[in-house]
Structure formats: C-alpha cells, structure tokens
Amino acid sequence: MRFLVDTGPILFSLRRHRTAATLIVLQIALTCAIVCNAIFLIRERLVRMDRPSGLVEDELLRVRLAGIGTTEGAQALTKRDLDALAAIPGVKSVVSVNMVPFGTSSWNSGVSTIPDDPKSPMNVATYLSGQDLVGTFGLNLIAGRNFQPEEILSFEDTAEPAVAIVSKATAERLFPNQDPLGKALYFGSKHPTRIIGVVELLARPNDWGGRDAVGCSVILPVRMAFGPASYILRVDTDRREEILAQVDAVLEQNSASRILDSKFTYTALRRDYFQQDRSMAWLMFVVSAALLVITALGVVGLASFWVQQRRRQIGIRRALGATRGDIVRYFQTENFILATIGIVLGMALAYGLNLVLMDKYEVERLPAQLLPIGALLLWSLGQVAVLGPALRAAAIPPAIATRTV
Amino acid sequence: MLRMKDVSKVYRTEVIETHALRELSLEVREGEFVAVTGPSGSGKTTFLNIAGLLEELTSGTYTLDGVDVSSLDDRARSRLRNEKIGFVFQSFNLIPDLDLFANVDVPLRYRGLSRTDRHRRIASALERVGLGSRMKHFPAELSGGQQQRAAIARAIAGGPKLLLADEPTGNLDSAMAREVMQLLEELNAQGTVVVIVTHDPEIAARAQRNIHVVAGIAADLERGPALVRAPAGAADHHQPTA
Ligand SMILES: Nc1ncnc2c1ncn2[C@@H]1O[C@H](COP(=O)(O)OP(=O)(O)OP(=O)(O)O)[C@@H](O)[C@H]1O
Ligand SMILES: [Mg+2]
C-alpha cells in the first residue's frame, strides 16, 4: 500500500550516495547478466542430457572387442559370439552393430533422393547390422516392416543394400508430406535403396550433422563383424550386472586371442557421454550460486552500513511520524530501486554476453522468457538480503533524535 | 491539551536504574507558551520525549488532546505524533541528504497527503519562516539560524496543535536565538501550544509560564514552588538493581 511512497526522496538521497549506489547496482547488473546466461546454459545442458535415443536403454548392454590382426573368419566368429551371448540366461537378443547412440564412433553418409547427386543434400547416420536391430534396440517401428533374412548383406560384400529402414526425422526431411515407404534413397551412386520401414526415433551417435540433422538416421541390413562393431545385448533390466559379469568368460571360450575392449550398461554409457555436460551444468550452478551469495552479502553489507550511517535520520523520521513499517519499507523500496536499475542494466549486459557466447561458441540466442526469471531472482534476493538491516533500522528508537547531539 | 498524572520514567540498564521522572504531574492548556527549566540531568528531555510520544512512560497516565496514550501501539503513536505534534530540536535535525523542500515534505508524506496539498503546505511553511527562496538548498548550505527556521517549518507544515522544542536556541547566537523565539511566539499567538525546554533565563522569562523540573519532579513556578519531594542537590538518583 504505502510501498514506493518514498521513491522520490529515496532517489533524491541516493544521488548523494552515488558511489556506493553505483557499485551495488553494477554488482547486481553483473550478477544478473551472468546468472541469466548461466541459467540458460544449464537449461540447454539439461535438455541435451535428457535427449531421447529411441532405445530401451535400461535393458541394453554394450560389449566391445578389440580385434587383433586380420579378421580372417571374423564373421563366423561373430556368429558364434552372438549365439553364445544369446544363450546366457536373461539375454533376450543380441546384435552386432557398427555404432550406437552416445557411443564414441559415428558412421555418417550423404544421402539424396536422386541418383548420382554430387551435392548429397542431407547427411544421415548409418546404422549397419545384420541382426534384428529394431527389436534389440527396442525401436518403435511406426510404418512398414523389418528386414528379412534374404535382404541382409555382409559388410565385405561390394553390393549396396537394396532396402533401408529410416527414422521418422529422415523420412520427413527427404519426403515431406509424402508416404516414404517404397521411395528410393541414393548414397552417392546410381543404386537405389528402397525404404521398407520407418522407426519413430533413432538418435544419431553424437552431435555430428548439427542441429538440422538431429535424429536423422537410417538402418541398413549389413552384417558387421566384431572389431569395427560392438555387441548389444537386450536383457532383463534387473540382471544387467550379473550378465555383464559373465560376458568375458563366454567370449573367451569362443576365442582366446581377443581382448575385451569395454563393457558397459547403456545407462553408464549415457552417463559417460554426457559427463562433460553434467560437469559444466554443475560448474555454472556453483558459480551462479556463489555470485548470488556474494551479491546478497553486498546488499546486506551496504544496507547495514547505511542503516548505521542513518541512525539519526531514522530516529528523526520516526519522530516525525514514521511507523516501524514505514522504516522497513523505506529500505525495501531503496533496495527495490537499486535492484531494478541493476536488473535493467543486467538484462542489456546479459544480451551482450549472450551475443559474445553466440559468436564464440555454439550457443543459442537467450530466450526472452528467461529475463523475468532473472529479474524475479534478483528482486527477491535483494528483498531477502535487505530485510535484516531494515528490521534493525525499524528498531532504532525515535528518542535518538533528541538524545544524540 | 496535555495532562500528566504521576508519570514516572525509569531507565534500566544491566547495572543501574535511573529514575528520570518521579510521579510527575502537570498540565499544559490550550494556547499556552510554557518554558521548562531545570538543572542538567533533571529530566527535562525525558519529559519532552514522553510528551512527544518518543518514549513510553514507566507508570502514570498521560492524556494528549483528550487521548489516553498509554494503550496505543506503535502505529497509533506514530500517527498521533505525526498529526498533533511538531518537534524542534537543539541540533536542528534536518536530514542532510534532502533539500529543504524534501525535508519539510517528510512528515507530510507519512501523513499520506496528496501531492498538491503537500506542495502547498511546504511552500507556505517555508514562506512562513522566511525561507521561501531557499527550498532547493541543502541544510549544509544554510546558517544555523536558517536551519533551525527550516526545522520549524518542517514542524509546523502539518499544522500540529503542539510544538515541542528541546533547547531550540542552544546552538544559536543571541541574535539568531531571538529570531527563532520570535517565530515561536508568533506561532503561539496563532494558537499553537508551545512547550520549550531551555537553560536560558532570558528565554524562560519570555514564556507565559515556567515549569521547573528538579530530579524528575516538576514545580509550577506560577503556582508557587512545590519542591517538597525533591532531594536537595541530587540531580538524579541511581540505585543498584541487584
Ligand atoms: N536512555 C537512557 N538510559 C539511561 N539513562 C538515561 C537515558 N536517557 C536519560 N537518562 C538519564 O535520565 C536522567 C534525565 O535525563 P534528561 O536527558 O531528561 O535530562 P535533561 O534535564 O534533559 O538534562 P540536560 O539539561 O543536560 O539536557 C539523566 O540522569 C540521564 O542520565
Ligand atoms: Mg536535555
């Protein structure tokens, strides 16, 4: 109600304490700018880390073997590995595949809707597997069908695959508003590859291809031998660790001349892949929190100093009719004014900082709806910080006006 | 206007109790100009603070303009202070960050008056004390006499019925002191009750009535000395609280 009643006189009086006021305003502005950007970057990281793969991640294990020397008979050995792994109790299915979402390697290819296209207008991630990748990954086949045994080629074959399953994102990019089934894809040659199925989602292994190509992938029926490929096991979620422990022995029985490169649950794979994002988000969070604390302390410090400095003035105001509430409101209003100036400056700074980040790193434009969040944060921070000193000010007895000389 | 009955004020600190006022009873009527005198430490300022609702009394009753103030909370006391009382202090107590206009504005804002009403009152109060042309000056840019006149303008802008002044001329030379006294007398002539604490016999002589306070007990000099209960020579009295 009587909030802001003192705005005029406060501005008036602040002009006479310009240095201190300017310093706290700048501190608020800087904090606002940095925290706004930090919140934005944290949010981006969180969204990234949350990115869906389309896979039934909590049922999957990945095993990689390092091949030694030539892979003479590798396909046959791979077949035996897959059979042996599938025989472990709790394993539902096993595939050998060239790459996985959030793995380290990625296979990419240009693709076009016309033959011999030198431009290859679109880039897709190409998953190669000779087994039931759709079933083992747990992909959602939303149109068409899965591969049939006679359609499967071997990686060593020179023939190009006749059929492909594509992700919905790929289908929409290549054939907008059309039924993709039966359409032909060309991987830089005259040879058409017909689309026989569409899966709802199959993420690319990594960020390759940029923002435009997110989710653009195809599956080709090509049998992969261990070495370049890894084995993906779909298992009972509860038995993941138990099965992972048996893998070494099972594979060693097939051939002792190989080294197990790595074995992970898919959950761990995802965690590792986004480790940097997680660290970055934490770092920004800690920096923001520290900045906010420092700014709050700055507000408390300056307000306490001003309360101390104005003890007499406060007593005079009380003598002239100010209630305790009026005194509290005086300091709250003063803080609100300083915070508002700081926030307005901070918003401009935030955009400036964002422009620099956009220029230097791959950062998006700061969304406008973040600004009110930043403003609210700093307003409430200021009000909370100033409350203690303001209450101390309100406790100053009015008699101080007559008792001090 | 102001009636105190058996008012006592005890200041308690950790080690001692100071009886600043002891069962003080007195009355100030409408239209009066009263000077309060007495030795240092006798309780004059304490009396003025209680009269002006700046401090609460320890026991007794105090009625201000018909209102028993002992039961009022901070809000009501602040409102009463704002509407009924004007203060003039020995050290002027203008707010250094604000110019004269804004200084006079302080009590009017707490009153919640409209902008135009406030402006009118500020201008007329400053004109009244002869500082109409100095509204935009800061206190530090004025002489002591001018500052005290500005403080009087601030005290009267709200149209109080009671003006309380604690040694208003204490920091002024005699010419300036006379100027300020004249102003207070004019205000009194226009109907404001003035209670002024002073050490200056010349000033006390100009008041209609003198109240002499010794050791926290008031004696109304016009009605004859009644210092029966005052311990001779003791300006104040300390007792261990044990
Ligand atoms: N806040 C306080 N705490 C403790 N004792 C106090 C306090 N304020 C005043 N006193 C004591 O109360 C007594 C009366 O003080 P008061 O200020 O009323 O005297 P005074 O008559 O105004 O003196 P002076 O002429 O010097 O201004 C003094 O003994 C003083 O020390
Ligand atoms: Mg005194």
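None of the values given here were measured: they were computed from a predicted structure.

Q: Explain the environment of B:A215 to me, please; I cannot follow it from the model alone.
A: Residues and elements named next belong to chain B. Position of A215 relative to the elements: it lies in the loop between β9 (209-214) and β10 (217-220). Classification of A215 by relative accessible area gives buried; the value is 4%. For the pair formed by A215 and G60, sequence separation is 155 residues and the distance between their alpha carbons is 17 Å.

Q: Would you explain the confidence of the model for chain B in this entry?
A: Where the model shows low pLDDT, its predicted coordinates should not be examined in detail. Mean pLDDT over chain B works out to 86, with 90% of the residues at or above the 70 mark. Predicted confidence is poor over residues 223-242 of chain B, with pLDDT under 50, and the contacts of this stretch with residues over four places away or in other chains come to 32 contacts.

Q: I would appreciate a short explanation of the sheet that holds strand β12 (residues 230-235) of chain A in the present structure.
A: One key point about sheets: their strands pair by backbone hydrogen bonds, in either a parallel or an antiparallel sense. All names here are of chain A. Within the open sheet, the four strands sit side by side as β2-β12-β1-β13. Their pairing is antiparallel. Sheet topology places β2 (91-97) and β13 (259-265) at the edges, where each strand pairs with a single neighbour. On average, each strand axis in the sheet is tilted by 20 degrees relative to the strand beside it, whichever way the strands run. Of the pairings in the sheet, the one linking strand β1 (residues 60-66) to β12 comprises five bridges and is antiparallel in character. Considered in β12, the bridge of R64 is made with S230. Taken strand by strand, helix α3 (residues 74-86) contacts β1, β2 and β12, and its axis lies near 160 degrees from that of β2. Across the face of the sheet, helix α6 (residues 240-254) comes into contact with β1, β2, β12 and β13 while running at roughly 170 degrees to β13.

Q: Whenever I open this one, empty space enclosed by the protein confuses me. Can you help?
A: Sizing a probe to match a water molecule and rolling it over the atoms shows the empty space that remains. In the structure shown here, the tally under the stated rule is five cavities of 30 Å³ or more. A volume near 100 Å³ is recorded for the largest cavity. The wall of the largest cavity is formed by 15 residues, among which B:N82, B:I85, B:P107, B:R154 and B:A155 lie closest to the centre. Elements supplying a minimum of two residues to the lining of the largest cavity: α2 (74-84), β6 (85-88), α3 (100-111) and α5 (144-156) of chain B. Of the residues in the lining of the largest cavity, the class split is eight nonpolar, four polar and three charged. Put simply, the second largest cavity is a space of about 80 Å³. Residue lining of the second largest cavity: A:I24, A:I28, A:V299, A:L302, A:A303, A:W306, A:F331, A:E334, A:N335, A:L338 and A:V386, and that is the complete set. Elements with a contribution of two residues or more to the lining of the second largest cavity: α2 (18-49), α8 (275-309) and α10 (324-360) of chain A. Class assignment of the residues belonging to the lining of the second largest cavity gives a composition of nine nonpolar, one polar and one charged.

Q: Would you mind showing me how to read the nonpolar core here?
A: If you look at soluble globular proteins, the nonpolar side chains tend to sit buried side by side. Grouped together as the largest cluster of nonpolar side chains are 90 residues, with contacts concentrated most on A:F331, B:L2, B:M4, B:F47, B:Y62, B:L64 and B:L162. With sequence-adjacent residues up to four places away left out, B:L162 is seen in contact with B:M1, B:L2, B:L64, B:K84, B:I85, B:G86, B:T192, B:V193 and B:V195.

Q: I'm lost on the pattern of salt bridges in this one. Help?
A: If the charged atoms of two oppositely charged side chains come close together, the side chains can form a pair. Residue and element names in this part refer to chain A. As enumerated under the stated definition, the model contains 34 salt bridges over all chains in all. Of the charged contacts in the structure, one is a salt bridge between R258 and D81, with a shortest N-O distance of 2.5 Å. Note that R258 is positioned in the loop between α6 and β13 and D81 in helix α3, a separation of 177 residues in sequence. The residues R258 and D81 share a single accessibility class, namely buried. Counted as one network, the salt bridges with shared partners bring together R45, R48, R51, D207 and D277.

Cut-off values and rules
- Residues numbered from 1 in each chain as written.
- Chains lettered and ligands numbered in written order.
- Predicted model: local features only at pLDDT ≥ 70, side-chain atom pairs only at ≥ 80, totals over all residues.
- Heavy atoms only, no water.
- Helix = DSSP H or I, 4+ residues; strand = E, 2+ residues; numbered from the N terminus.
- Buried < 20%, exposed > 50% of the residue type's maximum accessible area, 1.4 Å probe, protein only.
- pLDDT = per-residue confidence, 0-100.
- Contact = heavy atoms within 4.5 Å.
- Pairing = 2+ DSSP bridges.
- Axes fitted to C-alpha atoms, helices over the stretch in contact; angles between N-to-C directions.
- 1 Å grid on protein atoms, 1.4 Å probe; cavity = no way out; pocket = protein on both sides within 12 Å on 5 of 7 lines; lining within 4 Å.
- Points joined across faces, edges and corners; volume = space filled by probe spheres on them.
- Nonpolar A, V, L, I, M, F, W, Y, C, P; charged D, E, K, R; others polar.
- Core = buried A, V, L, I, M, F, W, Y, C linked by side-chain atoms within 4.5 Å.
- Salt bridge = Lys/Arg side-chain N within 4 Å of Asp/Glu carboxyl O.

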